[in-house]
Structures are given as structure tokens and as C-alpha cells.
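Summary of the model geometry
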Amino acid sequence: MLATRMNQLIRPWTRWQDWVALLLGVVLLLTTLWTSTDAAARSVLLVFGALLVLAAAWSLATPSSVTSEYAHMLIGVLVFVAPWALGFTELAGAAWTCWVVGVLAVITGAAALPEANAAHGRHQAD
């Protein structure tokens, strides 16, 4: 039973947390289509959306990568503070998208860490 679970941890493209992170990145990217933005908000949504998609694809393709999960969390923190740091809190749609997606990115990255650590340990032992 444990061996089966460990094999699932190392199989690429199977971890739900990474699929959620990918979806969150796509949401950031697409938010510019339906939400009012300025240059700063648009840049944050597009750049960090693309970075989150890339980090999620990295995690999906390499489930033993712990660094990619930390990347999700770092991107989440940066997205969360961006409305204050770059001064677009008055753009409610863009700001709330950043706050919600930022928190969810941190949560999904943290939720995937135990599995990534286990897969990393298993990968190192092979």
C-alpha cells in the first residue's frame, strides 16, 4: 500500500495541488480580459500569471522538485502584496484577484510540499 502511494507521488502530471496552481496562473492571465486594470495591475497579472503557470508545469512534470513548490509560494506572496506595493488597491477586481490567488497559491504550494519532499527522498534513494 505504501509503495503504491509512493509511486503515485513520483508519477508526473498527477498531483492535484499542481493542477490547482496551473489553474490559478491561468486565472491571473485571463483576469485582464474582464477586469479593469492599469499598467501596474496588468503587468502583475500577466507576468506573475505566466510565472505561476510555468512553476506549476515544472511541478507537474517533475513531482520530486521541492523548489518548484517553494516557487508557487513565493509567487503567491508576491502576487498578494503587489496591489499595495504597486498602488492598485483602488482597482477592486484586480486587487482582489491578486489577494485571493496569492493566498491560494501559497496554500497549494504548502499542501504539495510533503508529497514533493517524499517524492524527492524516494527519487534520491533510487
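So, here is what we can say about the structure in this document. (Residues numbered from 1 in each chain as written. Predicted model: local features only at pLDDT ≥ 70, side-chain atom pairs only at ≥ 80, totals over all residues. Heavy atoms only, no water.)

1. Notes on the overall build of the chain
Helices and strands together make up the secondary structure of the chain, namely 5 helices and 0 strands. Moving toward the C terminus, one meets the helices and strands of the chain in the order α-α-α-α-α. Counting across all 126 residues of the chain, residues that qualify as buried make up 42%. Once local pairs closer than 6 in sequence are excluded, the contacts in the chain between residues at least 24 apart make up 71%. Carbon together with sulfur atoms contributes 72% to the accessible area of the chain, which is approximately 6,400 Å² in total. (Helix = DSSP H or I, 4+ residues; strand = E, 2+ residues; numbered from the N terminus. Buried < 20%, exposed > 50% of the residue type's maximum accessible area, 1.4 Å probe, protein only. Contact = heavy atoms within 4.5 Å. Areas by Shrake-Rupley, 256 points an atom, 1.4 Å probe, with all protein chains shown as cover.)

2. Topic: the nonpolar core
Residues L52 and F88 are the most contacted members of the largest nonpolar core, which totals 18 residues. At the level of elements, α2 (16-34), α3 (39-61), α4 (66-85) and α5 (92-125) are the ones that each hand at least two residues to this core. Counting residues per element, this core draws most heavily on α3, at 6 residues. Ignoring sequence-local partners within four residues, the contact set of F88 consists of D38, A40, A41, V44, A82, P83, A94, A95 and C98. (Core = buried A, V, L, I, M, F, W, Y, C linked by side-chain atoms within 4.5 Å.)

3. Examining the packing of aromatic side chains
Applying the stated criterion across every chain yields a total of 4 aromatic pairs. Between W13 and W19, the aromatic rings sit 6.1 Å apart at their centres with planes inclined by 50°, giving tilted as the arrangement. Residue W13 is classed as partly exposed on the basis of its relative accessible area of 46%. Residue W19 is classed as partly exposed on the basis of its relative accessible area, which comes to 40%. When the centroid spacing of 5.1 Å and the interplanar angle of 85° are considered together, the rings of W96 and W99 count as edge-to-face. Placement of both W96 and W99 in helix α5 is noted, with a separation of 3 residues, approximately one turn of the helix. (Phe/Tyr/Trp six-rings, centres within 6.5 Å; stacked < 30°, edge-to-face > 60°.)

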